[in-house]
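Breakdown of the fold
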Amino acid sequence: MGFTDSLKNFFGAKKEEDALESSIYKDQLIEIRQEAFLEGYTYSIPYSKLKSYKVLKAKEATFKKEFVQYLAEKNVALLKKVSLRSLSNVESTTRNICDSLLTALLRSNLEYEPAEFAKLMDFFEVSSASKKNIIHFSNWPIGYAVQQIEKSVKKNGVSPEWKAYIEKFLASPAMANKNIYWGADLDKVETKLKKILFDGQNTTGKTLPYTHVDDRFGKMFNPEVLAMEENLRDYFYQLFHLFTKASSGKPAQRFLKNTSAIIDEIGIAKYKATVHPWLEYVIQLKEIETAKQYDYGNGEVYDYTDYEFLHEKSTVFLKGLVWSLAKFHDTNTLGLVAKLAERCYKKIPGVGPTAASVGNACMYVLGNTKGLEGISHLSRLKLKIKQNNTRKLIEKYIEAASVKLGISSSEIEELSIPHFGLEDGAKTYTFDDYTLEIGIQELGKVSLIWRKPDGKPQKTTPAFVKSSAKHSQKLKKAKSEVAQIKKYLTAQRDRIDRTYLDNRIWSYESFTKHYLNHGLVSFIAKKLLWQFKKGENFVTALYINNQWITQEDTVLDWITAETEVRLWHPIHESVDGVLFWRTKLESLEIKQPLKQAYREVYILTDAEVNTKTYSNRMAAHILKQHQFNALTSVRGWKYSLLGAFDGGYDGEIAKIQVKAHRIEAQFWINTLNAEDEFNDAGMWNYIATDQVRFVKDQEVMDLLDVPKLVLSEILRDVDLFVGVCSVGNDPQWRDNGGLPQYNDYWTSYSFGDLTEVAKTRKAILEKLLPRLKISKVAKIDGKFLHVKGTKRTYKIHIGSSNILMEPNDQYLCIVPARGEDKKTKNIFLPFEGDRGLSLVLSKAFLLAEDDKITDKTILSQIN
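What you see is a predicted model, and the numbers here were worked out from it, not measured in a lab. (Residues numbered from 1 in each chain as written. Predicted model: local features only at pLDDT ≥ 70, side-chain atom pairs only at ≥ 80, totals over all residues. Heavy atoms only, no water.)

**Here's the deal with the sheet that holds strand β8 (residues 457–458)**
Using the following cut-off: Paired strands, as defined in this entry, are two strands with at least two bridges between them according to DSSP. Under the DSSP-based scheme used, a helix requires at least four consecutive residues in state H or I and a strand at least two consecutive residues in state E, with every element numbered from the N terminus. Any two residues having at least one pair of non-hydrogen atoms within 4.5 Å are treated as being in contact. A fitted line through C-alpha atoms represents every axis, and for helices the fit uses only the stretch in contact; the resulting angles, taken between N-to-C directions, go from 0 to 180 degrees.
Strand order in this open sheet of four strands is β5-β6-β7-β8, and the pairing throughout is antiparallel. With one partner strand each, in any of the chains shown, β5 (426–431) and β8 form the two edges of the open sheet. In this sheet, β8 lies alongside strand β7 (residues 445–451) in antiparallel orientation, the contact comprising two bridges. Within the sheet, the bridge partner assigned to tryptophan 450 lies in β8 and is glutamine 458. Against the sheet, helix α22 (residues 469–502) engages β5, β6 (434–442) and β7, with an angle of about 170° to β5.

Written as C-alpha cells, this is what we have:
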C-alpha cells in the first residue's frame with residue numbers, strides 16, 4: 001500500500017476526532033500533501049511551488065477561512081493524541097502539514113470579520129485550557145494570526161467589534177500567563193494589539209507609550225522617561241518600540257535609518273546626554289547572587305547559586321539602544337560602548353558572559369565607526385576578552401577594516417593606537433595659572449602632579465578647580481584619560497609581546513612613527529632591545545640618550561628610512577651577548593615592560609629529537625581547568641572546557657594559529673580520573689596535560705622542521721600554562737582536600753626540579769640577593785632560597801614559592817596576600833610581570849623576621 005493510500009485510509013478511518021470533518025477540506029489537504037510527497041517535500045514545504053496550493057489560494061476567502069478552521073481542529077486532535085502516545089509517521093506528517101499550511105494561509109489576507117476570527121481563536125483557547133495545558137500557544141502561529149487583525153484594521157479601521165474582541169483577548173488567561181514556551185511572541189502580540197487600540201483612539205499622532213519591564217534597569221529608566229517633556233518623550237517612545245525588536249544578530253539598514261532619523265529629531269547632543277547615563281548605569285551594575293536549593297523529595301537536596309543581571313527584555317532593549325549609537329564616532333560614545341562591551345563579556349560562574357548579545361552589539365558599533373578609534377578599542381578588547389567566539393568576531397571586524405584600507409591587520413592595529421596627546425609618555429593640562437602634569441611611571445602607574453603658577457608642586461587639587469564646573473569637567477576628562485592610558489599601555493605591552501610569532505619586520509620609518517615616537521607606545525619601545533638589518537645580518541641596539549647604542553658602545557649612524565627593524569629575541573643572540581644586555585639594562589636600571597633580556601629560550605632536547613613529531617616536556621601535569629582556560633585565552637590560544645558529560649570524557653586540544661608560518665601549535669589535554677570533581681555547570685575542575693604538536697597543511701610536523709623561534713615561544717607559553725595553573729602552585733591545595741590520589745604529584749611539583757621560567761627567576765635572584773637587606777640570612781642552594789629566621793630555617797622553592805621548614809622539611813602554608821608588599825615594592829626587578837618572583841621575595845622578607853609575625857595561622861605552624 002502506497003503512502004497516498006495510507007493517507008486516504010487514515011483520513012477515512014471512523015475515529016471520534018473525524019466526526020466534524022467535511023470531505024471537501026479533507027480532499028484539499030490530501031491533494032496538497034500528495035503533491036508535496038511526490039515532489040519530494042516532507043517538512044520544509046515550498047507551498048508557492050505547488051499547483052494544488054495555488055488553486056487553494058485562488059479560492060474565495062470564505063473557503064480559505066473554513067479550511068483554516070478545519071486545519072486548526074485537525075491539528076488540535078493530533079496534539080491531544082501526542083499526549084497519550086507517539087504519533088505514527090503518517091500522523092506526524094499530517095500534523096506537520098497542518099502546522100505549515102496554517103502559517104502559510106494566515107500570512108495572506110483572509111478578510112476576517114471579528115466574529116469569524118473570535119471563533120478560530122476561542123476554539124484554540126478552549127483547547128489550550130483543556131488537558132492540563134497540553135496544547136498552548138506554542139503550537140499556534142499566533143503572530144501571523146494577529147496579522148489578520150492588522151490587515152482588517154488597516155483597511156477598515158478599528159470597529160467596535162474589533163475593539164471589544166481585542167480587549168477581551170488581552171484580558172484572557174493566555175495573555176496573562178506568558179511564561180510559556182512562546183512568551184516572547186505573546187509579548188510582541190500584546191504590543192501590536194495595544195498599538196491597534198491606541199491608534200484607533202489616537203487623534204493627535206502620538207506614539208504608543210512604552211513601559212519597560214520592572215527589573216533594575218527598568219526601575220531607573222521608567223521614572224526618567226516619565227519625567228521627560230511630552231514631545232521629547234514621544235520621540236523616545238518611537239525609538240523604544242524599535243529597540244524591543246532588536247532580536248537579530250546585527251541591525252538591518254532599515255533599523256539604522258529609522259533610528260537615525262528619530263535621533264536627528266531629538267537632537268544629537270540631547271540624545272547623547274540622555275542615553276550615556278543609561279549605559280553608565282549598566283556598566284556599574286553587579287550581578288545579584290542568590291543561594292538556592294532544589295529538593296528532590298526523597299531526602300536529597302541540591303544546593304546551587306543563581307545569578308541575575310538583567311531581564312531578557314532589557315538585554316534586547318539595550319542591544320537596540322547600542323545599535324542606535326552606530327551613527328556616532330566621538331570619543332565619549334565609543335569609550336562608553338567599549339566599557340559596556342567589557343562589562344557584558346565578564347563571565348558569571350557556571351553561566352558564561354553576563355550579556356553576550358549586548359556585547360556583540362557593542363562590537364558591531366566599534367567595528368563600523370568612521371576612522372580608527374573603534375578599531376583601537378577592538379584591538380585592546382581582543383587582548384582582554386577571553387571568549388573564543390568574541391575574539392573571532394573582533395578579528396573579523398579588524399580584518400574587514402584592514403582590507404578596506406589595503407593594509408595588514410597588524411598594521412591597522414598599529415595605526416589605531418591612540419597617543420592621548422602624550423609626548424614621551426607625558427602630558428600637561430592647563431587650569432588657568434595652574435598645571436596638571438601626567439606621566440607614565442611604569443605599567444599600570446601614571447603620576448598626576450599639580451603645579452602652582454611658580455612651578456612648585458601642590459599635593460591636592462586646587463580649590464578653584466573643584467568649585468568651577470568648567471574645570472571640574474576638564475579634570476574629570478583628564479582622569480578618564482589616565483584610566484585609558486593605563487589600559488592601553490598594558491594592552492600594547494601584550495600586543496608587542498605577541499609579535500614574536502608574527503615574524504614582524506618594520507621599515508625604520510614605520511617603526512619610528514608607530515613605536516619610537518608614538519606618545520604612548522614609545523614608553524615601551526624605548527626600554528626594549530631592537531635589531532637593525534645591515535647587509536645580511538642584524539645589529540642589536542638599545543635606545544640611550546636619543547641614540548641607538550650597540551654592544552660595542554657605538555652609535556648606529558647608518559640607519560635610513562628603509563632600514564629593516566625587528567624585535568630582539570635571545571634565540572638570535574649568543575650567550576655572551578644575552579649576558580651583556582642583561583648587565584647593561586641593570587646598570588641603567590631599565591625595567592623592561594615585558595620579559596625580553598631574561599626571556600626563556602627552549603631548544604629541542606634529545607628526547608624530542610627521538611620522538612620526532614611531539615614533545616612530552618610538559619606532559620603529566622595536573623592543572624586547574626578554569627584557570628588554564630582563562631590563561632590560554634589571554635595568550636591568544638583557543639580551548640574549550642572539558643565537561644563531565646556526553647563526550648566530555650574525550651581529550652581536548654588547546655591550539656594557536658601561527659599565521660606567519662601557516663602552523664598550528666597544539667597542546668593536548670586529557671580528563672583526570674577524579675569523580676565528582678566538577679562544578680555546577682558540569683565542567684571538570686582539573687585536567688591532565690599531554691603532548692605538544694605542530695601541524696602544517698594538515699600534516700604533523702617533525703619538530704626539527706619547526707622554526708626555532710616558533711618552537712621556543714610555543715613551549716614558553718605551555719611552560720607558563722603549567723607554571724601558573726598547576727595545582728602544585730596552590731599552597732592550600734593539599735590541606736584543603738585536593739585530590740588525595742594525586743598528593744604525590746603536588747609534592748613533586750611543589751618541590752621538584754625548576755622549570756625554565758624558574759631557572760630564569762633563580763638567575764635574577766643570584767644577582768639580586770647580595771644587594772638585599774636579607775642577604776646575610778639568605779642564600780640560594782639548588783632549587784631553594786634558604787632563609788634563616790630567628791625561630792626556624794626555611795626553604796622557599798624558587799619555582800612554586802612553597803615552603804619547607806628545617807630540620808624535618810615540615811610544610812609551611814602561607815597564603816599570598818593581595819596587593820603590594822611594602823618591603824619588596826622598591827626592589828629593582830629587570831622586567832615587569834613575574835608574580836612568582838615577587839612571592840618568593842615577599843615570603844623571604846617575612847620569614848627573615850619570623851619573630852615579628854602576628855598571623856596566628858602561620859605562628860601555629862612555626863612554633
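**A word on the sheet that holds strand β19 (residues 778–781)**
Reading across the sheet, the five strands line up as β19-β20-β21-β22-β23 and stay open at both edges, with antiparallel pairing between neighbours. Each edge of the open sheet is held by one strand with a lone partner, namely β19 and β23 (810–812). For this sheet, the mean inter-axis angle between neighbouring strands, taken without regard to orientation, is 30°. Here strand β22 (residues 803–805) runs beside β23; their pairing, made up of three bridges, is antiparallel. Its bridge partner being in β23, leucine 804 is matched across the sheet by tyrosine 811.

**Some thoughts on the pairing of strand β2 (residues 301–308)**
Bridge count for strand β1 (residues 288–295) against β2 is eight bridges, and the pairing is antiparallel. Within β2, the residue paired with aspartate 295 across the bridge is valine 301. Linking β1 to β2, which pair antiparallel, is a turn of five residues; within it glycine 297 sits at a positive phi near 85°.

**A closer look at unusual backbone geometry**
In this structure, the amide linkage connecting glutamate 806 to the following residue, proline 807, adopts the cis form with an omega of 15°. Along the chain, proline 807 turns up in the loop between β22 and β23. We note that asparagine 545 has phi near 50°; this positive angle belongs to a residue other than glycine. As for its placement among the helices and strands, asparagine 545 is situated in the loop between β11 (537–544) and β12 (547–550). Positioned with a positive phi, aspartate 697 is a non-glycine residue whose angle comes to about 55°. By the secondary structure assignment, aspartate 697 is in the loop between β17 (686–696) and β18 (699–700).

**Quick word on the environment of isoleucine 417**
Summarising the element assignment, isoleucine 417 is placed in the loop between α20 (409–415) and β5. Each C-alpha atom, one on isoleucine 417 and one on glutamate 373, is 7.8 Å from the other, the two residues being 44 residues apart in sequence. Not counting the four nearest positions on each side in its chain, isoleucine 417 is found in contact with Ser376, Gln492, Arg495, His518, Leu520 and Val521.

**Concerning the side chain of glutamine 625**
Tracing the chain through its elements places glutamine 625 in helix α27 (residues 625–634). Excluding its chain neighbours within four sequence positions, the residues that come into contact with glutamine 625 are Tyr639, Leu641, Leu642, Met683, Trp684, Asn685, Tyr686 and Ile687.

**Considerations on a negative patch on the surface**
Heads up, the condition is: Only residues whose relative accessible area exceeds 30% and that take part in no salt bridge are eligible for patches, with like-charged residues grouped when within 9 Å of each other and nonpolar side chains (Val, Leu, Ile, Met, Phe, Trp, Tyr) grouped when within 5 Å. Accessible areas in this description were obtained via Shrake-Rupley with a 1.4 Å probe; residue shielding takes into account the shown protein chains only. By definition here, a salt bridge exists when the distance from a side-chain nitrogen of Lys or Arg to a carboxyl oxygen of Asp or Glu is within 4 Å. A positive count includes Lys and Arg, and a negative count includes Asp and Glu. His and the chain ends are not counted in either. Note on charges: their place is set at NZ of Lys, CZ of Arg, CG of Asp or CD of Glu. The rule is simple: take the accessible area with a 1.4 Å probe, protein chains only, and divide by the maximum for that residue type; under 20% is buried, over 50% is exposed, in between is partly exposed.
On the surface, a cluster of negative charge is contributed by Glu60, Glu111, Glu113 and Glu161. Note on placement: glutamate 60 falls in the loop between α3 (51–58) and α4 (61–82). The class for glutamate 60 is exposed, based on a relative accessible area of 62%.

**Comments concerning the packing of aromatic side chains**
So the rule is basically this: Aromatic rings from Phe, Tyr and Trp, taking only the six-membered ring of Trp, are treated as a pair when their centres fall within 6.5 Å; an angle between ring planes under 30 degrees marks them as stacked, one over 60 as edge-to-face, and anything in between as tilted.
Per the counting criterion, the structure on display carries 56 aromatic pairs. Plain terms: the ring middles of tyrosine 237 and phenylalanine 240 are 6.5 Å apart, the flat faces sit at 70° to each other, and that makes the pair edge-to-face. Placement of both tyrosine 237 and phenylalanine 240 in helix α12 (residues 230–243) is noted, with a separation of three residues, approximately one turn of the helix. A relative accessible area of 7% places tyrosine 237 in the buried class. Accessibility expressed as a relative area gives 0% for phenylalanine 240, which makes it buried.

**A look at the side chain of aspartate 497**
This is how the line gets drawn: The definition of a polar contact used here is a pair of N or O atoms within 3.5 Å, where within protein one atom must be able to donate a hydrogen and the other to accept one, and adjacent residues in sequence count solely through side-chain atom pairs.
Locating aspartate 497 in the fold gives a position in helix α22. At a separation of 3.0 Å, a polar atom in the side chain of aspartate 497 contacts the side chain of arginine 635. Sequence-distant contacts of aspartate 497, that is, excluding residues within four places in its chain, are made with Leu594, Arg599 and Arg635.

**A look at the packing of helix α18 (residues 373–384) against helix α19 (residues 388–405)**
A pair of packed helices can be characterised by two numbers: the angle between their axes and the separation between those axes. Under the convention used in this document: Each helix crossing is assigned a hand: it is left-handed if the near helix lies turned anticlockwise from the far helix by less than a right angle, otherwise right-handed if that turn is clockwise. Note that Gly is not counted as nonpolar here; it falls among the polar residues with everything else outside the nonpolar set of Ala, Val, Leu, Ile, Met, Phe, Trp, Tyr, Cys and Pro and the charged set of Asp, Glu, Lys and Arg.
Running from N to C, α18 and α19 cross one another at 145°; their axes reach a closest spacing of 10 Å. The handedness of the crossing between α18 and α19 comes out as left-handed. Packed against α18, whose contacting residues are Ile375, Leu378, Ser379, Leu381 and Lys382, the element α19 presents Arg391, Ile394, Glu395, Tyr397, Ile398 and Ala401 at the interface. Of the residues belonging to the contact of α18 with α19, the class tally is seven nonpolar, one polar and three charged.

**What about a nonpolar patch on the surface?**
On the surface, Tyr294, Tyr296, Tyr302 and Tyr304 cluster together into a nonpolar patch covering about 410 Å² of accessible area. Structurally, tyrosine 302 is set in strand β2.

**A short note on the packing of α27 against helix α28 (residues 708–725)**
Running from N to C, α27 and α28 point in directions that differ by 145°, and their axes come no closer than 10 Å. Of the two possible hands of crossing, α27 and α28 adopt the one that is right-handed. From α27, Gln627, Phe628, Leu631 and Thr632 reach across to α28, where they touch Leu720, Phe721, Val724 and Cys725. Among the residues forming the contact of α27 with α28, the class breakdown is six nonpolar, two polar and no charged.

**Here's the deal with the pairing of β11**
Note that strand β10 (residues 530–534) and β11 share five bridges and pair antiparallel. Looking across to β11, one finds that phenylalanine 532 is bridged to valine 539. If you look at the hairpin formed by β10 and β11, you'll find two residues sitting between the two strands, and glycine 535 has a positive phi there, around 70°. Bridge count for β11 against β12 is four bridges, and the pairing is antiparallel. Among the inter-strand pairings, leucine 542 is bridged to a residue of β12, identified as isoleucine 549. Counting the residues that bridge the hairpin from β11 to β12 gives two residues, and of these asparagine 545 lies at a positive phi of roughly 50°.

**Looking at helix α14 (residues 268–284)**
For the record, the criterion: Any helix carries an expected span of 1.5 Å times its number of residues minus one.
Across its 17 residues, α14 extends 24 Å between first and last C-alpha, which sits within 8% of the 24 Å expected from 1.5 Å per residue. Looking at the buried positions of α14, the neighbouring elements they touch are α11 (216–226), α12, α13 (253–266), α15 (312–324) and α16 (331–344).

**Notes on the pattern of salt bridges**
Within this structure, the stated rule accounts for 34 salt bridges. The salt bridge involving glutamate 437 is made with arginine 451; its shortest N-O contact spans 3.0 Å. Of this pair, glutamate 437 sits in strand β6 while arginine 451 is found in strand β7, placing the two residues 14 residues apart along the sequence. Arginine 451 gets classed as partly exposed once you look at its relative accessible area, which sits at 23%. Salt-bridge contacts for aspartate 809 lead to lysine 795; the nearest nitrogen and oxygen are separated by 3.2 Å. Remark: lysine 795 occurs in strand β21 (residues 793–797) and aspartate 809 occurs in the loop between β22 and β23; sequence separation between them is 14 residues. When its relative accessible area of 37% is taken as the criterion, aspartate 809 is described as partly exposed. Judged by relative accessible area, lysine 795 falls into the buried class, the value being 13%. A cluster of three or more residues bridged by salt bridges with shared partners is formed by Asp497, Arg599, Arg635, Glu713 and Asp717.

**Notes on helix α2 (residues 23–38)**
Taking 1.5 Å per residue as the helical rise, α2 with its 16 residues ought to reach 22 Å, and the 22 Å between its terminal C-alpha atoms agrees with that figure. Phi for glycine 40, located one or two positions after α2, is positive at around 90°.

**Describing the nonpolar core**
Quick reminder of the rule: As used in this record, nonpolar core signifies buried Ala, Val, Leu, Ile, Met, Phe, Trp, Tyr and Cys residues forming a set joined through side-chain atoms within 4.5 Å.
Counting residues in hydrophobic clusters, the biggest one holds 61 residues, and the most contacted among them are Phe236, Phe240, Tyr271, Trp278 and Met363. When neighbours within four sequence positions are excluded, methionine 363 is seen to be in contact with Ala341, Tyr345, Leu378, Leu381, Ile385, Thr390, Leu393, Ile394 and Tyr397.

**Observations concerning the environment of alanine 252**
Mapping alanine 252 onto the fold places it in the loop between α12 and α13. The class of alanine 252 is partly exposed, set by a relative accessible area of 45%.

Fair warning: the whole summary comes from geometry, so function is off the table for now.
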